[in-house]
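Chains, contacts and geometry: an overview
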Amino acid sequence: MIADNIKKIQEELPDHVTLVAVTKYHSIEETQAVMDAGVFDLGESKVQDFLKKYEVLGNEPRWHFIGHLQKNKVKYLIGKTFLIHSVDSLKLLDVIDKESKKKEVVTSVLLQLNLAREESKSGFLEEEIKDVLTVIPKYQNIKVQGLMGMGPLSQNNDKIRNIFVELKKIYDRIKEESLSTIIQMDYLSMGMTDDYRIAIDEGSNMIRIGRKIFSS
Ligand SMILES: *Cc1c(COP(=O)(O)O)cnc(C)c1O
């Protein structure tokens, strides 16, 4: 089932869109089945669950951390992730930089934005972005590679689309204005099982799919 589901998703993906299989909640065996189906970008949202899988699967997949990250857990992730999608505060950036220095690595991150201003979600608000971009050049061990966002909890596709359109606008603006090599807009991570088609329409180049891969 997993392989069939992945094949169906991949058939409709344009070449420039990377599929991140969200393996959170799923066993190592199921995660291995995802890799056997040819997907090596895997998303996890809890540090402890990630570490258990990392122990077994190591660096063969590219690990994407997509969940809310507590500062005291950053040290367990550093050096093991391909991309941390969920950077949502300056304090978290501080800690990621500090821990990356200790391990002498540069950590790639996305800034998570909360454009729908939903209290249940974390992420920078639109008016905070400018200040965040100003301080980023001081972090020598962080590379900002793009933005992550979620569609609002809504049945209204127009509302969802509007948020994705806004996110893409901000992404493009930063891409144009950024002169720093520390900020390089490579990835616009938006789109999940219920809204990835809208996200791709509106310019996403990285989707994070969980349920659709594991449904029977
Ligand atoms: C769980 C999760 C996903 C995957 O969601 P599905 O609806 O199962 O596709 C994507 N992104 C984040 C941040 C998540 O927490």
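Please refer to the structure placed before this passage.
Read on for a plain summary of the structure. Note that the structure is a prediction, hence the values are computed from the model and not measured.

**Some remarks on the packing of aromatic side chains**
In the structure shown here, the tally under the stated rule is 3 aromatic pairs. When the ring of F50 is compared with that of Y54, the centres are 5.5 Å apart and the planes differ by 50°; the resulting orientation is tilted. Highlighted residues: F50 and Y54, both in helix α3 (residues 47-57), separated by 4 residues, approximately one helical turn. Each member of the pair F50 and Y54 is classed as buried. Residues F50 and W63 carry aromatic rings whose centres are separated by 5.2 Å and whose planes lie at 75° to one another, so their mutual orientation is edge-to-face. Highlighted residues: F50 in helix α3 and W63 in strand β3 (residues 62-65), separated in sequence by 13 residues. You'll find F50 and W63 in the same group, each marked buried. Members of the aromatic cluster, each reached through a chain of ring pairs, are F50, Y54 and W63. Taking the ring centre of F82 as reference, the NZ or CZ of R62 above it sits at 4.0 Å.

**Remarks on the side chain of S189**
Looking at where S189 falls in the secondary structure, it is placed in strand β7 (residues 183-190). Relative accessible area serves as the criterion here: at 0%, S189 is assigned to the buried category. At 2.9 Å, the side chain of S189 forms a polar contact with the side chain of R208. The contacts of S189, once residues within four sequence positions are left out, are H85, L110, L147, M148, G149, M206 and R208.

Conventions we followed
Residues numbered from 1 in each chain as written. Predicted model: local features only at pLDDT ≥ 70, side-chain atom pairs only at ≥ 80, totals over all residues. Heavy atoms only, no water. Phe/Tyr/Trp six-rings, centres within 6.5 Å; stacked < 30°, edge-to-face > 60°. Helix = DSSP H or I, 4+ residues; strand = E, 2+ residues; numbered from the N terminus. Buried < 20%, exposed > 50% of the residue type's maximum accessible area, 1.4 Å probe, protein only. Lys NZ or Arg CZ within 6 Å of the ring centre and 35° of its normal. Polar contact = N/O pair within 3.5 Å; in protein donor to acceptor, adjacent residues only side chain to side chain. Contact = heavy atoms within 4.5 Å.

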